[in-house]
Amino acid sequence: MKKTFLLLLAATLLATTSCQRETPKFQYRTQSEKLIARMDSLRTHGLLYGHQDDTFYGITWQWDADRSDTRELVADYPAVMGFDMGGLERSEKNNLDGVPFERIEREIIAHYKRGGIVTLSWHPRNPATNGSAWDVSDTTVVASILPGGKNHERFVTWMRKLTNFMKKLKPVRGRSVPIILRPFHEANGGWFWWGTKCCTDEQYKRLWAMFQDFVNAELPNNIVWSYSPNLQGNWTEEEFMRRYPGNDRVQLIGCDAYQWEDEKSFITQLDADLQFLDSFAHDNHKLLALTECGIRNSPTPDWWSRVLLPVLSPYSICYCLAWRNWHVEHFGASVDASTADDFRELKAKRKLLFLKDIAPQIYDASGRNSAEIIWL
Ligand code: BMA
């Protein structure tokens, strides 16, 4: 039965393809264009749930094989999975949170093959001081890695390590995994070495351009560029444009938004940001996402349904990515979080979408699933 279905599907696809060949309307040329079109269409179906480091550790476990806090709670993987590249620049075996890069590589490919969406962030060490990404003691750091600066060549080797890693992500026939790349995030804050304490707006834009041109030269087909400032609460166009890398350099506008303090001001600030970002994204043909979110250690049982989702619902947002469930600090859904029942209900009501919602898995006789057939 399944075999027949797949044969019919293949025949339909072939027929459609040959029709399209005669009257081409629009062809998705690259992996990144396909991912953009897919997310653009998915957002009309609902909000996707994303989670950082989903399969490496959870609130009460770490490093076990084949586990996921999300799957243990709602019997499905997140639609979007996030991974961090911090540490790769120094050829470390593990990333800054102790996750082996070799495992990250395997998980990215596995998630892509299941039909999931992958996003990468990078918390590189400070290239001037060798301190962490949060070391803001040297205000010359960005100037020093721009072309002509004394750390430029060093930073080029760091960028190359990142692109070499991404180039390995080729599950089949040399076709690369499309990646939402979110570099130099939260640059409107002062806590990272690429933030407001360590570089001017002009230097930031030059940093972005240098990095992006380097990455695009190495991986021209599979990066979706996400520009993700932190929650600001009072964006004006003038303020937002100060560090915005440019319309030709960004495809997804992100917002990193945590509730660190009281609920009311979080709601007010997030709503104000989304009003601005949603209309900016719409006018400039960009996707919009909550690229990091959560409330530390989930103290509010109905946080997802009562606090977060009502703020998001008026806007056209592709996904919200909860930050990692580390045992000392967790943000995502889990059977071990107080939000478990609330979250389960949201899944039942389809207020949040998961992997099987965006990539139904139908297996053929050889065990290959339909998502794999479609996305590879
Ligand atoms: C931060 C925290 C850190 C972590 C970093 C990179 O938000 O979770 O503990 O090292 O992200 O994942």
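Predicted model only: the values in this text are computed from it and were never measured.

**Quick word on the nonpolar core**
Considering soluble globular proteins, one finds that nonpolar side chains tend to be buried as a cluster.
And then number 1: Met85, Phe155, Met166, Leu207, Leu270 and Leu312 are the most contacted members of the largest nonpolar core, which has 93 residues in total.
And then number 2: Setting aside anything within four residues of it in sequence, one finds Leu207 in contact with Val142, Ile145, Leu146, Phe155, Phe184, Trp193 and Trp194.
And then number 3: Core analysis: the next-biggest nonpolar cluster, separate from the first, contains 22 residues, Leu35, Leu42, Ile117 and Ala359 among them.

**Some thoughts on the environment of Lys161**
And then number 1: Inspection of the secondary structure assignment puts Lys161 in helix H6 (residues 152–167).
And then number 2: Along the sequence, Lys161 and Gly174 sit 13 residues apart, while their C-alpha atoms lie 19 Å from each other.
And then number 3: Apart from the residues within four sequence positions on either side, Lys161 is in contact with Leu88, Glu89, Arg90 and Ser91.
And then number 4: A polar atom in the side chain of Lys161 sits 3.1 Å from the side chain of Ser91.

**Digging into the pattern of salt bridges**
Note on pairing: side chains with opposite charge can pair once their charged atoms come close.
And then number 1: In total, this model carries 23 salt bridges according to the counting rule given.
And then number 2: Across the pair Glu33 and Arg29 runs a salt bridge whose closest N-O atoms are separated by 2.9 Å.
And then number 3: A residue is classified by how much of its surface remains accessible, and Glu33, at 23% relative accessible area, is partly exposed.
And then number 4: Owing to a relative accessible area of 67%, Arg29 belongs among the exposed residues under this scheme.

**Things to note about unusual backbone geometry**
And then number 1: In this structure, Trp63 is a non-glycine residue whose phi angle is positive, near 70°.
And then number 2: Examined against the element boundaries, Trp63 turns out to sit in the loop between strand E1 (47–52) and helix H3 (69–74).
And then number 3: For Arg350, which is not glycine, the phi torsion reads 60° and is therefore positive.

**Remarks on the state of the cysteines**
And then number 1: Tallied over the full model, the rule gives zero disulfides.
And then number 2: Here Cys199 stays free of any disulfide, with the sulfur of Cys198 as its closest cysteine sulfur at 7.1 Å.
And then number 3: For Cys199, a relative accessible area of 6% gives the class buried.
And then number 4: Left unpaired, Cys318 is separated from the closest cysteine sulfur, that of Cys320, by 11 Å.

**So, the packing of aromatic side chains**
And then number 1: The final tally for this structure, using the stated rule, is 37 aromatic pairs.
And then number 2: Ring geometry for Phe184 versus Phe211: centroids 5.2 Å apart, planes at 75°, classification edge-to-face. Of the two residues, Phe184 sits in the loop between strand E4 (179–182) and helix H7 (201–218) while Phe211 sits in helix H7, which places them 27 residues apart along the sequence. Taken individually, Phe184 and Phe211 each receive the classification buried, so the pair is uniform in this respect.
And then number 3: In this structure, Arg38 is placed above the aromatic ring of Trp375, and the distance from its NZ or CZ to the ring centre is 3.6 Å.
And then number 4: One residue, Arg114, lies across the ring of Tyr77, its end atom 3.9 Å from the ring centre.

The rules behind the values
Residues numbered from 1 in each chain as written. Predicted model: local features only at pLDDT ≥ 70, side-chain atom pairs only at ≥ 80, totals over all residues. Heavy atoms only, no water. Core = buried A, V, L, I, M, F, W, Y, C linked by side-chain atoms within 4.5 Å. Buried < 20%, exposed > 50% of the residue type's maximum accessible area, 1.4 Å probe, protein only. Contact = heavy atoms within 4.5 Å. Helix = DSSP H or I, 4+ residues; strand = E, 2+ residues; numbered from the N terminus. Polar contact = N/O pair within 3.5 Å; in protein donor to acceptor, adjacent residues only side chain to side chain. Salt bridge = Lys/Arg side-chain N within 4 Å of Asp/Glu carboxyl O. Disulfide = S-S within 2.5 Å. Phe/Tyr/Trp six-rings, centres within 6.5 Å; stacked < 30°, edge-to-face > 60°. Lys NZ or Arg CZ within 6 Å of the ring centre and 35° of its normal.

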